[in-house]
Amino acid sequence: EAGVAQSPRYKIIEKRQSVAFWCNPISGHATLYWYQQILGQGPKLLIQFQNNGVVDDSQLPKDRFSAERLKGVDSTLKIQPAKLEDSAVYLCASSPSLAGGQNEQYFGPGTRLTVT
Amino acid sequence: GENVEQHPSTLSVQEGDSAVIKCTYSDSASNYFPWYKQELGKGPQLIIDIRSNVGEKKDQRIAVTLNKTAKHFSLHITETQPEDSAVYFCAARIIQGAQKLVFGQGTRLTINP
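Calculation notes
- Residues numbered from 1 in each chain as written.
- Chains lettered and ligands numbered in written order.
- Predicted model: local features only at pLDDT ≥ 70, side-chain atom pairs only at ≥ 80, totals over all residues.
- Heavy atoms only, no water.
- Pairing = 2+ DSSP bridges.
- Helix = DSSP H or I, 4+ residues; strand = E, 2+ residues; numbered from the N terminus.
- Axes fitted to C-alpha atoms, helices over the stretch in contact; angles between N-to-C directions.
- Buried < 20%, exposed > 50% of the residue type's maximum accessible area, 1.4 Å probe, protein only.
- Disulfide = S-S within 2.5 Å.
- Phe/Tyr/Trp six-rings, centres within 6.5 Å; stacked < 30°, edge-to-face > 60°.
- Contact = heavy atoms within 4.5 Å.
- Buried area = accessible area lost by both parts, 1.4 Å probe.
- Salt bridge = Lys/Arg side-chain N within 4 Å of Asp/Glu carboxyl O.
- Core = buried A, V, L, I, M, F, W, Y, C linked by side-chain atoms within 4.5 Å.

### Examining the sheet that holds strand E7 (residues 65-68) of chain A
Each strand in a sheet pairs with another by means of backbone hydrogen bonds, the pair being arranged parallel or else antiparallel.
Residues and elements named next belong to chain A.
And step 1. Overall, antiparallel pairing links the four strands, which are arranged E1-E3-E8-E7 in an open sheet. In this open sheet, the two strands that pair with only one neighbour each are strand E1 (5-7) and E7. Recorded for the sheet is a direction-independent mean angle of 15° between the axes of neighbouring strands.
And step 2. Judged from the four bridges that link them, E7 and strand E8 (residues 75-79) form a sheet pairing that is antiparallel. Paired with Glu 68 across the two strands is Thr 76, which belongs to E8.

### Considerations on unusual backbone geometry
And step 1. Omega for the bond connecting Ser7(A) with Pro8(A) falls within 30 degrees of zero, at -10°, which places this linkage in the cis form.
And step 2. With respect to the helices and strands, Pro8(A) occurs in the loop between E1 and strand E2 (10-13).
And step 3. Residue Pro8(B) is bonded to the preceding His7(B) through a cis peptide linkage, with omega at -5°.
And step 4. Residue placement: Pro8(B) occurs in the loop between strand E1 (4-7) and strand E2 (10-14).
And step 5. Phi at Lys71(A) takes a positive value of approximately 65°, unusual for a residue other than glycine.
And step 6. Judged by its relative accessible area of 81%, Lys71(A) falls in the exposed class.
And step 7. Phi is positive for Gln60(B), which is not a glycine, with a value near 55°.

### What to know about the state of the cysteines
All names here are of chain A.
And step 1. Scanning all chains against the criterion turns up two disulfides over all chains.
And step 2. The disulfide partner of Cys 23 is Cys 92, and the S-S distance across this bridge is 1.9 Å. Taking the sign of the torsion about the S-S bond as the criterion, the disulfide between Cys 23 and Cys 92, at about -70°, is left-handed. Within this pair, whereas Cys 23 is found in strand E3 (residues 19-24), its partner Cys 92 is found in strand E9 (residues 88-95), the two being separated by 69 residues in sequence. Residue Cys 23 shares its accessibility class with Cys 92, and that shared class is buried.

### Focus: the packing of aromatic side chains
Residue and element names in this part refer to chain B.
And step 1. Scanning the model with the defined rule gives 12 aromatic pairs over all chains in all.
And step 2. Where Tyr 25 meets Phe 33, the ring centres are 4.7 Å apart and the plane angle is 45°; that geometry is what we call tilted. Phe 33 carries the same exposure label as Tyr 25, and that label is buried.
And step 3. Relative to Phe 73, the ring of Trp 35 has its centre 5.6 Å away and its plane inclined at 70°; by these criteria the two rings are edge-to-face. Of this pair, Trp 35 sits in strand E4 (residues 32-38) while Phe 73 sits in strand E8 (residues 72-77); the two residues are 38 residues apart in sequence, bridging distant segments of the chain.

### Here we look at the interface of chain B and chain A
Accessible area lost upon the coming together of the parts serves often as the stated size of an interface.
And step 1. The partner chain A presents 24 residues to the 19 residues of chain B that form the contact.
And step 2. Summing both sides of the interface, chain B and chain A together bury roughly 1,600 Å²; the carbon and sulfur share of this comes to 48%.
And step 3. Area buried by chain B at its contact with chain A is led by Gln99(B), Lys100(B) and Phe103(B), which between them contribute 28% of it.
And step 4. For the interface between chain B and chain A, the tally reads one salt bridge.
And step 5. Lys100(B) is the partner of Asp56(A) in a salt bridge, and the nearest nitrogen-oxygen pair spans 3.2 Å.

### Overview of the nonpolar core
Residues and elements named next belong to chain B.
And step 1. Trp 35, Phe 73, Leu 75, Tyr 88 and Leu 109 are the most contacted members of the largest nonpolar core, which totals 26 residues.
And step 2. Within the residue set of this core, elements represented by two or more residues are E2, strand E3 (19-25), E4, strand E5 (45-51), strand E7 (62-67), E8, strand E9 (86-94) and strand E11 (107-112).
And step 3. When residues in this core are grouped by element, the largest group, five residues, is from E9.
And step 4. Excluding its chain neighbours within four sequence positions, the residues that come into contact with Leu 109 are Leu 11, Val 13, Ala 19, Ile 77, Asp 84, Ser 85, Ala 86 and Tyr 88.

Rendered as structure tokens:
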């Protein structure tokens, strides 16, 4: 079974530029998550999708971050404009559960973003 | 909101010895507690989890214990090996509103040969 795919793996941009990350979850998984992991910290949930609908985006900085999951499969996370404090690893995870959280979450390798 | 505290932040043990990592959580309604292992340059990988209806779960050299009254849970690794070196995260699932995992700050475990 193929795992969660993410691209790019690394990205370096200047502040105020925009950037987009892509995630392809495990086939058939209904729930998709985007996490932000700042160096030395645990992952923090940004947004959770169930199929193509948003379940929780309470911790997403909506003035600069946006995410979509058209057709309930792939997802993109965008930052516009980026700030220095956005430097982090952005992790995508998926879960087969429609309820989210209860079942195992499978993580992708992450995208390491550096904002200079 | 839910808060998960994890200790210690770093842990160094001799190969073959045991390692214990402890976490506390604030939401008494939390009912699912996974542990993840993260190696350098990789995403977190689930290694064991426990639900609130059991007090202990074991899988080969790894075990997790849960004390619901005290709201803490622990990861135990016995007979440690060099490949156990990684960062370990605990998490707790909150169930108010959208169910989601809240992660601890992580423990960097180093196994010394």
